[in-house]
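What follows is each chain in one-letter form.
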Amino acid sequence: MKHKVQIGLGLLLVLVAAIPLWAHHSITAEFDTSKSFTAKGTITKVEWVNPHAYLYMESKDEKGAVTAYSFETGPPGNLRRAGILRTMFAVGDSVSIEAYAAKDGSSHLGLVKSIQFADGHSIVMGKDPKEIERVNGKE
Amino acid sequence: MRSGFGYRLFAVVLTALLLTASLAAAQNAKPDGNASSPANAKKAVRLGPGGPTPRTADGHPDLSGVWFAGQAGGQTFDAGARRQFDPKVTPEEPPPFQPWALAKVKAMTTTDFELGRASVNCMPRGVPGLVLINPYPFQLVQTPGQLVQLAELNNNFRVIPTDGRPHDPDPDPTFDGDETAHWDGDTLVVDTISIDERTWNNFVGWFHSDQEHVIERFTRPDLNHLFVQVTVEDPKVLTKPWTSAPRVWTLGHEKLQEYYCTNNQDVDQYKALKDKETSKK
C-alpha cells in the first residue's frame, strides 16, 4: 500500500504515542495492565469513532478456526494529534497486535499497546499505562 | 509470533530510541494527504513566556487562544510537561469534607468511583470540572463583555458575561451553573452558583450540594500561559472553602478536535462489576 511504503521507507518504524491516548476512562478499571496478550490476524474493520477508535481483527489457527477480536485504542482526536491516522489501518492488513487484557474476562477484547504490520513497521500506542495514569490522575 | 517478552523488549527499546524522530517521519509522510501534524505533539517543549500579555482595546488581558493543559502548548507524552502544578511549590489540600460527607466518600467502593466518574458515565464535567478535571484542550474567545469557553471535551461551551452583572435571582440548576464575571485588575473572576448536583468536582467522589459556589480566577501573565485558580465553597458539604493550586494551560497553535464521550460499552461493564461486588456482600 502506498502509505506504508511512504512511512516504512524500508526501515523498521515505530510510531509512539506514550501519551494519555486512553484518557476516556480509567485504564486499570477496564483492563488488567499486568496481563498482556498478542494476537496475529487480519484487520476486518476500522472503527474511527468517539470516544475511542476500535480495530477489529480475525485470527485463524492451524486448524482454520476463526477467532474475532476487538481492540480498543484512544480518542480519534488524541490519536490524530499523536500522528496516528485512520488511513494507517486498512481492512485486510496482516497485523500482530499486543494488547492489555480485559478485566471482566472477555478474552477477545484488548487495549492496544502496539501493532506490528507485515512489512515490519509498527505503531506503539503506549507502553506503561500505570505510569500514564499515575502522572495524569485518573481520567 | 514473537515471544511476549521479546516483543515487549523490542517495542520498549525502539520506543526509547525513536521517540521523536519516528513521529516526525510518519507525519512528514502524510498518508492521507491532509494530516494535521502539530509539531508540539512530538516532543516535550516547556513553553517560555513567548511575549507580553496580549490586551484587548479596553486594556484588559485578552485570554483568547487554544489552551492545552500543562506546559507544552500541545499534546505531549512528557509526563512532567503535562503537569499543571507542582505540589511541592503550590500544594493542594484535599477537599475539607464535613464528617458525614467524608464518611459517604469513604464508603464508596472502587466501582462506585468508576460509575460516578464523568469520564465513565459521560455526564458533562460542568463547573468547576471543566477546569479541574479536564485534560482536553479548550479555546477561549474573548469579546467585549463576554468570555466564551469552547471545550473539546464533549464539545461543551459556556458563555460568561464579564460585565459584572448580578446573578440571575432565580436560576435553574445547570451543569455550568449561573455565571457572571468581573475584572479585578488583570484577573478575570468568574463566579458561579446553581450548579447541577449530579456532577463531581474530582474523579474520586467529591460530590457537591445545591449551595455550591465556585470562583475561578483567570490570569494570563504572558503570551503563552494561562492560569486558573478555583475556589469552591459548599456550606452543606465542606467545613471551609477549598482553593486549588493555580493550574497552568499553555497556548497551542492548532484547532480543537472533536471529542464526545459516547460511552462505548463501559457503563455496562462497570455495572456488571458492581453487580458482582454487591453479590459478594
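Rules used throughout
Residues numbered from 1 in each chain as written. Chains lettered and ligands numbered in written order. Predicted model: local features only at pLDDT ≥ 70, side-chain atom pairs only at ≥ 80, totals over all residues. Helix = DSSP H or I, 4+ residues; strand = E, 2+ residues; numbered from the N terminus. Buried ≥ 20, exposed ≤ 12 C-beta atoms within 10 Å, placed from the backbone. Contact = placed C-beta atoms within 7 Å. Pairing = 2+ DSSP bridges. pLDDT = per-residue confidence, 0-100.

## Observations regarding the overall build of chain B
Turning to step 1, where the next piece is worked out: Looking only at helices and strands, chain B has seven helices and ten strands in total.
Turning to step 2, where the next piece is worked out: The proportion of buried residues among the 281 residues of chain B is 38%.
Turning to step 3, where the next piece is worked out: In chain B, 59% of the contacts between residues at least 6 apart in sequence involve partners at least 24 apart.

## Section: the overall build of chain A
Turning to step 1, where the next piece is worked out: Scanning chain A for helices and strands turns up four helices and seven strands.
Turning to step 2, where the next piece is worked out: Helices and strands in chain A line up, N terminus first, as α-β-α-β-β-β-α-β-β-β-α.
Turning to step 3, where the next piece is worked out: In chain A, which comprises 139 residues, the share counted as buried stands at 47%.
Turning to step 4, where the next piece is worked out: Across chain A, contacts joining residues at least 24 apart in sequence account for 63% of those joining residues at least 6 apart.

## Brief notes about the environment of His208 of chain B
Residues and elements named next belong to chain B.
Turning to step 1, where the next piece is worked out: Checked against the element boundaries, His208 lands in the loop between strand E6 (187-193) and strand E7 (213-219).
Turning to step 2, where the next piece is worked out: Separated by ten residues in sequence, His208 and Arg198 have C-alpha atoms that sit 8.0 Å apart.
Turning to step 3, where the next piece is worked out: Those residues in contact with His208 that sit more than four places away from it in its chain are Ile195, Glu197, Asn201, Asp234 and Val237.

## Digging into the environment of Gln146 of chain B
Turning to step 1, where the next piece is worked out: For Gln146 of chain B, the position within the fold is in strand E3 (residues 146-151).
Turning to step 2, where the next piece is worked out: Judged by the 13 C-beta atoms lying within 10 Å of it, Gln146 of chain B is partly exposed.

## What about the pairing of strand E8 (residues 225-233) of chain B?
Residues and elements named next belong to chain B.
Turning to step 1, where the next piece is worked out: As paired strands, E7 and E8 are joined by seven bridges and run antiparallel to one another. Paired with Arg217 across the bridge in E8 is Gln229.
Turning to step 2, where the next piece is worked out: In this antiparallel pair of consecutive strands, E7 and E8, the connection spans five residues.
Turning to step 3, where the next piece is worked out: Across four bridges, E8 lies against strand E10 (residues 247-252) in antiparallel orientation. Of the residues in E10, the one forming a bridge with Phe227 is Val248.
Turning to step 4, where the next piece is worked out: Two elements, E8 and strand E9 (residues 242-243), share two bridges in a ladder whose sense is antiparallel. Considered in E9, the bridge of Thr231 is made with Thr243.

## Some points on unusual backbone geometry
With glycine set apart, most residues show a phi of negative sign, and most peptide bonds adopt trans.
Turning to step 1, where the next piece is worked out: Across the junction of Asn50 of chain A and Pro51 of chain A, the peptide omega takes the value -5°, indicating a cis bond.
Turning to step 2, where the next piece is worked out: The residue Pro51 of chain A is located in the loop between strand E2 (31-47) and strand E3 (54-60) in this model.
Turning to step 3, where the next piece is worked out: Here the bond from Val127 of chain B into Pro128 of chain B is cis, since omega is 5°, no more than 30 degrees from zero.
Turning to step 4, where the next piece is worked out: Relative to the elements of secondary structure, Pro128 of chain B occurs in helix H6 (residues 126-132).
Turning to step 5, where the next piece is worked out: One non-glycine residue with positive phi stands out, namely Cys122 of chain B, at about 65°.
Turning to step 6, where the next piece is worked out: As for its placement among the helices and strands, Cys122 of chain B is situated in the loop between helix H5 (118-121) and H6.
Turning to step 7, where the next piece is worked out: A positive phi is found at Asn154 of chain B, a non-glycine position, where the angle reads about 60°.
Turning to step 8, where the next piece is worked out: By the element assignment, Asn154 of chain B lies in the loop between E3 and strand E4 (157-161).

## Considerations on the environment of Phe77 of chain B
Turning to step 1, where the next piece is worked out: Summarising the element assignment, Phe77 of chain B is placed in the loop between strand E1 (65-69) and helix H2 (79-82).
Turning to step 2, where the next piece is worked out: For Phe77 of chain B and Phe207 of chain B, which are 130 residues apart along the polypeptide, the C-alpha to C-alpha distance reads 31 Å.

## Regarding the confidence of the model for chain B
Turning to step 1, where the next piece is worked out: Mean pLDDT over chain B works out to 83, with 78% of the residues at or above the 70 mark.
Turning to step 2, where the next piece is worked out: Taken as a whole, residues 1-43 of chain B scores under 50 in pLDDT and shows 71 contacts with residues more than four places along the chain or in a different chain.

## A short note on the confidence of the model for chain A
Low-confidence regions, as indicated by low pLDDT, have predicted coordinates that should not be scrutinised in detail.
Residue and element names in this part refer to chain A.
Turning to step 1, where the next piece is worked out: Counting all residues, the mean pLDDT for chain A is 76, and 69% of those residues have values of 70 or more.
Turning to step 2, where the next piece is worked out: The low-confidence segment residues 1-24 (pLDDT under 50) makes 82 contacts with residues lying over four places distant or belonging to another chain.
Turning to step 3, where the next piece is worked out: Confidence drops under pLDDT 50 across residues 131-139; counting only partners more than four residues distant or on other chains, this segment forms 18 contacts.

## Some thoughts on the pairing of strand E5 (residues 94-102) of chain A
All names here are of chain A.
Turning to step 1, where the next piece is worked out: Of the strand pairs in this sheet, E2 and E5 are connected by nine bridges, and their pairing is antiparallel. Residue pairing in the sheet places Ser36 in a bridge with Tyr100 of E5.
Turning to step 2, where the next piece is worked out: Bridging between E5 and strand E6 (residues 109-117) involves seven bridges; their strand directions are antiparallel. Of the residues in E6, the one forming a bridge with Ile97 is Ile115.

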